[in-house]
Amino acid sequence: METKYGILQRGRRFRASINNITFDTPRTSILGAYYRGMNGVYGDDFPDDPPFTFNYTANNLNASLQTPMNGTEVKVLKYNDTVELVFQGTNVVSGIDHPMHLHGYSFYVVGSGFGNFDRQRDPLNYNLVDPPLQQTIAVPQNGWTAIRFRANNPGVWFMHCHFERHVSWGMEMVFIVRNGKGPDARMLPPPRDMPKC
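The protein chain goes by Plastocyanin-like domain-containing protein in an unreviewed UniProt entry, where it is assigned to Centaurea solstitialis. Quoted straight from UniProt, the Sequence similarities (unreviewed entry) entry for the protein chain says "Belongs to the multicopper oxidase family." Looking at the Subcellular location (unreviewed entry) heading of the UniProt record, one finds this comment for the protein chain: "Secreted".

Here is the structure:
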């Protein structure tokens, strides 16, 4: 997962993204739409990897990287999937730490480092013996953090940067975890008093 933020060239509006997608908040809740089987509220094509790869921590990045696409895409997970996310901080505009938070789960922080994540080298240094269990982690400026969790809590779960201004700029995404087998592995209905979006 690549986290970045940038400036929309015309109008000078800040935008942020995860995997090159600035989250576009729908008028209907994703939880309600998923539970009721409504179409047209969100797409399920959130990419596993950033569609545009580049040297994320370079000093001089092309201005075109400051304008990610808008979308309301979710990542659908099967019940009990083991999920590994690698958050890659970028130097778009100027790099800063991003406190990333995932609702509905605690997760293990298995690794972190500076520079660009190397898929061949960096996992060899993961802490798989006693990794810390967290709910929010910091993605270091121009660095990366790797987390793992088991998707055993069915539902619609929001993941976002804990800086409110970055959420307002679109640095968030949604996981939908499908039901498993058995009554304890099923999504609960939305509460009756759930506020409207």
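Additional details are given in the paragraphs that follow.
What about the overall build of the protein chain?
Counting its secondary structure elements, the protein chain contains two helices and 13 strands. Here the protein chain, with 197 residues, has 48% of them falling under the buried criterion. Residue pairs in contact within the protein chain that sit at least 24 positions apart in sequence constitute 80% of those at least 6 positions apart.

Quick notes on the pairing of strand E6 (residues 82–89)
Most of E6 is tucked away, with six of its eight residues classed as buried. Both E6 and strand E11 (residues 143–150) contribute to a ladder of seven bridges, which runs antiparallel. Counted as the bridge partner of Thr 82 is Arg 150 from E11.

Side note on the sheet that holds strand E7 (residues 98–102)
Strand order in this open sheet of five strands is E5-E13-E12-E7-E10, and the pairing throughout is mixed. Here the strands that pair on one side only, and so sit at the sheet edges, are strand E5 (74–77) and strand E10 (136–139). For this sheet the average axis-to-axis angle between neighbouring strands, irrespective of direction, equals 20 degrees. As judged from the three bridges shared by E7 and strand E12 (residues 155–161), these two strands associate in the antiparallel manner. Its bridge partner lying in E12, Met 100 is registered against Cys 161.

A closer look at the packing of aromatic side chains
Per the stated rule, a full pass over the model turns up five aromatic pairs. Pairing Phe 149 with Phe 175 gives two aromatic rings, centres 6.1 Å apart and planes at 75 degrees, and the pair type is edge-to-face. Residue Phe 149 is located in strand E11, and its partner Phe 175 is located in strand E13 (residues 172–177); the two are separated by 26 residues in the primary sequence. Each member of the pair, Phe 149 together with Phe 175, is buried. These aromatic residues form a ring-pair network of at least three members: Tyr 105, Phe 149, Trp 157 and Phe 175.

Looking at the pairing of E13
Look at any regular strand and the pattern is simple: side chains alternate between the two faces of the sheet. For E13, a buried count of six out of six residues is recorded, marking the element as mostly surrounded by other parts of the structure. The side-chain alternation of E13 yields two buried faces, one formed by Glu 172, Val 174 and Ile 176 and the other by Met 173, Phe 175 and Val 177. Relative to E13, E5 runs parallel, the two being bridged by four bridges. Across the sheet, residue Val 76 finds its bridge partner in E13, namely Ile 176. Relative to E13, E12 is paired through six bridges, and the arrangement is antiparallel. Across the sheet, residue Met 159 finds its bridge partner in E13, namely Met 173.

Notes on the nonpolar core
Leu 85, Phe 87, Met 100, Ile 137, Phe 149 and Met 159 are the most contacted members of the largest nonpolar core, which has 25 residues in total. Broken down by secondary-structure element, the contributors of at least two residues to this core are strand E2 (14–18), E6, E7, strand E8 (107–114), E10, E11, E12 and E13. With sequence-adjacent residues up to four places away left out, Ile 137 is seen in contact with Phe 87, His 98, Pro 99, Met 100, Phe 107, Val 109, Thr 145 and Ile 147.

So, the pattern of salt bridges
In the structure shown here, the tally under the stated rule is five salt bridges. A salt bridge links Asp 118 to Arg 121; the shortest N-O distance between them is 3.7 Å. What makes Asp 118 partly exposed here is its relative accessible area of 26%. Where Asp 122 meets Arg 121, a salt bridge forms, and the shortest distance between an N and an O atom there is 3.5 Å. A residue is classified by how much of its surface remains accessible, and Arg 121, at 47% relative accessible area, is partly exposed. Salt bridges linked by common partners bring Asp 118, Arg 121 and Asp 122 together as one network.

Conventions and cut-offs
Residues numbered from 1 in each chain as written. Predicted model: local features only at pLDDT ≥ 70, side-chain atom pairs only at ≥ 80, totals over all residues. Heavy atoms only, no water. UniProt positions renumbered as here; feature names shortened; annotations may be inferred. Helix = DSSP H or I, 4+ residues; strand = E, 2+ residues; numbered from the N terminus. Buried < 20%, exposed > 50% of the residue type's maximum accessible area, 1.4 Å probe, protein only. Contact = heavy atoms within 4.5 Å. Pairing = 2+ DSSP bridges. Axes fitted to C-alpha atoms, helices over the stretch in contact; angles between N-to-C directions. Phe/Tyr/Trp six-rings, centres within 6.5 Å; stacked < 30°, edge-to-face > 60°. Core = buried A, V, L, I, M, F, W, Y, C linked by side-chain atoms within 4.5 Å. Salt bridge = Lys/Arg side-chain N within 4 Å of Asp/Glu carboxyl O.

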